[in-house]
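# An overview of the molecular structure
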Amino acid sequence: VEMLEAAGVKVNLVLSRNLNFADLQRFPAAEANLLLGYDEMPDFVGKSDSIGVPTLTDDLALPFGIGNTEEWLLNLAERFGDSKKAQRYLLDEMNSVKKILHRNYNFSWMASFLSDKYAAVCGYAPFAAAMTRYLFHDLNIRVKVVGLWSETDAGIQKAERVLEPLSDSLDFTVLENPTYHQLGEAAKQANVDFAIGSIQDKPLFRSYGIA
């Protein structure tokens, strides 16, 4: 919300964060719905369409990391806000981070330690796709295995489209709604240095000797 408003995009409602029932009266005033998930919601989309509020279908990665955030924010600012405001916001944020990291030995050591490592990523499809892109573009970490979980086929397909541009630079395996055994075996065979997932995934990877 902060990023969008800084880019001149007025946020009408956030469903359902701190939402009062009376606030729903403003719903038809929205120019469009922006979903942060990839699953199909035909009932919601159909009802929204019927009152003149279309739902965006862009294949946008969630704003994790610098590259994803820049792409996400500039795309939305160009359509619904002010691109120049978005660019200024991103530059201000970048300069703030530079001040913190400039000559920061601990960060330099950490970034060097992570660079060129191999990883596995698993999780809810939008998160796992965005995290995979973030690791590669921002930290120079090669993801070898991506486990995508989704309630619908559409959710998996959209995440795979978000990941597709990486295939020119990375050789990775995508698992669609894998079992824990499939995921663990794939990560072991890929000989990854570490895995990123939820707290529930920790025992799985630990049992394979993967951090």
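Everything below is about the structure printed above this text.
Please read these numbers as outputs of a predicted model, since none were measured by experiment. (Residues numbered from 1 in each chain as written. Predicted model: local features only at pLDDT ≥ 70, side-chain atom pairs only at ≥ 80, totals over all residues. Heavy atoms only, no water.)

Time to look at the environment of Met 131. Tracing the sequence through the fold places Met 131 in helix 6 (residues 125–139). Separated by 115 residues in sequence, Met 131 and Ser 16 have C-alpha atoms that sit 24 Å apart. Those residues within four positions of Met 131 in sequence are excluded, and the remaining contacts are Val 121 and Ile 196. (Helix = DSSP H or I, 4+ residues; strand = E, 2+ residues; numbered from the N terminus. Contact = heavy atoms within 4.5 Å.)

Mapping Thr 152 onto the fold places it in the loop between strand 2 (142–149) and helix 7 (153–163). Among the polar contacts made by the side chain of Thr 152, one reaches the main-chain amide nitrogen of Glu 40 at a distance of 3.3 Å. Thr 152 has contacts with Asp 39 and Glu 40, leaving out every residue within four places of it along the chain. (Polar contact = N/O pair within 3.5 Å; in protein donor to acceptor, adjacent residues only side chain to side chain.)

In this section: unusual backbone geometry. Positive phi, normally seen in glycine, also occurs at Arg 103, with a value near 55 degrees. Considering the arrangement of structural elements, one finds Arg 103 in the loop between helix 4 (83–101) and helix 5 (105–114).

As defined by bridge partners, strand 1 (residues 118–124) adjoins strand 2 across seven bridges and the pair is classed as parallel. When the bridges of strand 2 are listed, Cys 122 appears paired with Gly 147. Between the parallel pair strand 1 and strand 2, the chain is carried across by helix 6, and the sense of this crossover is right-handed. Across four bridges, strand 2 lies against strand 3 (residues 173–176) in parallel orientation. Each bridged residue has a counterpart across the sheet, and for Gly 147 the counterpart in strand 3 is Leu 175. Read from strand 2 through helix 7 to strand 3, the crossover connection turns out right-handed. (Pairing = 2+ DSSP bridges. Right-handed = clockwise from strand over helix to strand, strands pointing away.)

What follows concerns the packing of helix 6 against helix 7. Taken N-terminus to C-terminus, the directions of helix 6 and helix 7 make an angle of 10 degrees; their axes are 9 Å apart at the nearest point. Compared by their axis directions, helix 6 and helix 7 come out roughly parallel. Across the interface between the two elements, Ala 125, Ala 129, Thr 132 and Arg 133 of helix 6 pack against Gly 155, Ala 159, Val 162 and Leu 163 of helix 7. Per-class residue counts for the contact of helix 6 with helix 7 are five nonpolar, two polar and one charged. (Axes fitted to C-alpha atoms, helices over the stretch in contact; angles between N-to-C directions. Parallel < 35°, antiparallel > 145°, perpendicular 65-115°, else oblique. Nonpolar A, V, L, I, M, F, W, Y, C, P; charged D, E, K, R; others polar.)

This paragraph deals with empty space enclosed by the protein. Over the atoms, a rolling probe the size of a water molecule traces out where space has been left empty. Using the criterion set out here, one finds one cavity of 30 Å³ or more in the structure. Taken as a whole, the largest cavity encloses approximately 100 Å³ of empty space. What lines the largest cavity is simply Leu 34, Leu 35, Leu 36, Gly 37, Tyr 38, Leu 56, Asp 58, Leu 60, Leu 62, Trp 72 and Lys 158. Here the residues of the lining of the largest cavity are counted per class, giving eight nonpolar, one polar and two charged. (1 Å grid on protein atoms, 1.4 Å probe; cavity = no way out; pocket = protein on both sides within 12 Å on 5 of 7 lines; lining within 4 Å. Points joined across faces, edges and corners; volume = space filled by probe spheres on them.)

Moving on, we get to the layout of surface pockets. In this structure, the largest pocket occupies an estimated 930 Å³ of space. Looking at the largest pocket, it is lined by 29 residues, and the ones nearest its centre are Val 11, Leu 13, Ala 32, Asn 33 and Leu 34. Take the lining of the largest pocket: its biggest share by element is three residues, from helix 3 (residues 65–80). Counted by class, the lining of the largest pocket contains 23 nonpolar, three polar and three charged residues. Empty space within the second largest pocket amounts to approximately 530 Å³. In terms of lining, the second largest pocket is formed by 20 residues, of which the most central are Gly 65, Ile 66, Met 94, Val 97 and Asp 138.

Moving on: the pattern of salt bridges. The tally for this structure, following the rule as stated, stands at six salt bridges. A salt bridge links Arg 79 to Asp 58; its shortest N-O distance comes to 2.5 Å. You can see Arg 79 sitting in helix 3 and its partner Asp 58 sitting in the loop between helix 2 (42–50) and helix 3, a full 21 residues away along the chain. On the basis of relative accessibility, which here comes to 41%, the residue Arg 79 falls in the partly exposed class. Among the ionic pairs, Arg 142 bridges to Asp 116, the shortest N-O distance being 3.6 Å. Taken together, the residues Arg 142 in strand 2 and Asp 116 in the loop between helix 5 and strand 1 connect sequence positions 26 residues apart. Taking relative accessible area as the criterion, Arg 142 reaches 27% and is therefore assigned partly exposed. (Salt bridge = Lys/Arg side-chain N within 4 Å of Asp/Glu carboxyl O. Buried < 20%, exposed > 50% of the residue type's maximum accessible area, 1.4 Å probe, protein only.)

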